[in-house]
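# Structural overview for review
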Amino acid sequence: MSSQTTQRNEATERAGAVARFLVAFILFVGGMVAFGWAFTVESGHAWIFSAGLALVTLGCFIPMAGRDR
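All values reported here derive from a predicted model rather than from experimental measurement. (Residues numbered from 1 in each chain as written. Predicted model: local features only at pLDDT ≥ 70, side-chain atom pairs only at ≥ 80, totals over all residues. Heavy atoms only, no water.)

## With respect to the overall build of the chain
Using the following cut-off: In this text, helices come from DSSP runs of H or I with a minimum length of four residues, and strands from runs of E with a minimum of two, each type numbered from the N-terminal end. Exposure is judged per residue with a 1.4 Å probe applied to protein chains only, and the accessible area is read against the type maximum: over 50% gives exposed, under 20% gives buried, and values in between give partly exposed. Here, two residues are considered to be in contact whenever any of their heavy atoms come within 4.5 Å of each other. In this description, accessible areas are obtained by the Shrake-Rupley approach with a 1.4 Å probe, and a residue is regarded as covered only by the protein chains that are shown.
Each helix and strand in the chain was counted, giving two helices and zero strands. Burial statistics for the chain: of 69 residues in total, 14% are counted as buried. Across the chain, the fraction of contacts at a sequence separation of at least 24, relative to all contacts at a separation of at least 6, is 63%. Only carbon and sulfur atoms are counted for the fraction: they give 70% of the accessible area of the chain, which is about 5500 Å².

## Brief notes about the UniProt feature "transmembrane region" (unreviewed entry) in the chain
The following threshold applies: UniProt positions are given in the numbering used here, feature names are shortened, and annotations may be inferred rather than shown by experiment.
Taking the UniProt record as the reference, the feature "transmembrane region" (unreviewed entry) is found at residues 21-40 and 46-66. Counting secondary structure, residues 21-40 comes out at 90% helix and 0% strand; the distance between its end C-alpha atoms is 29 Å.

## Thoughts on the environment of Cys 60
When you line up the elements, Cys 60 lands in helix H2 (residues 45-66). Its relative accessible area of 37% is what places Cys 60 among the partly exposed residues. Each C-alpha atom, one on Cys 60 and one on Phe 21, is 9.9 Å from the other, the two residues being 39 residues apart in sequence.

## Quick word on the environment of Ala 65
Turning to its location among the elements, Ala 65 is positioned in helix H2. Classification of Ala 65 as partly exposed rests on a relative accessible area of 44%. For Ala 65 and Arg 20, which are 45 residues apart along the polypeptide, the C-alpha to C-alpha distance reads 9.9 Å.

## Looking at the packing of aromatic side chains
Filter applied, for reference: Aromatic pairs are defined between Phe, Tyr and Trp rings, using the six-membered ring for Trp, whenever the two ring centres lie within 6.5 Å; interplanar angles under 30 degrees are classed as stacked, those over 60 as edge-to-face, and all others as tilted.
Tallied over the full model, the rule gives three aromatic pairs. Arranged with centres 5.9 Å apart and planes meeting at 20°, the rings of Phe 21 and Phe 25 form a pair that is stacked. Placement of both Phe 21 and Phe 25 in helix H1 (residues 2-38) is noted, with a separation of four residues, approximately one turn of the helix. Residue Phe 25 is classed as partly exposed on the basis of its relative accessible area, which comes to 47%. With a centroid separation of 6.1 Å and 70° between ring planes, the pair formed by Phe 39 and Phe 49 is classed as edge-to-face. In this pair, Phe 39 sits in the loop between H1 and H2 while Phe 49 sits in helix H2, placing the two residues 10 residues apart along the sequence. By relative accessible area, which is 68% here, Phe 39 ends up exposed.

Put into structure tokens, the structure is as follows:
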């Protein structure tokens, strides 16, 4: 019974790690897209660039904060 619980915990940790990676990757790529988009719009350059910077920062922060071990 103990090994079955351990296997479930490991599977849950792996699924969580994959989900964190996907979210972080999407945020990072979205931030890069926002950087490029900021230079093509007519107005709001600074807001879009700042949003891209925040997205890239979050995309880098999530993997570092995801695991407490």
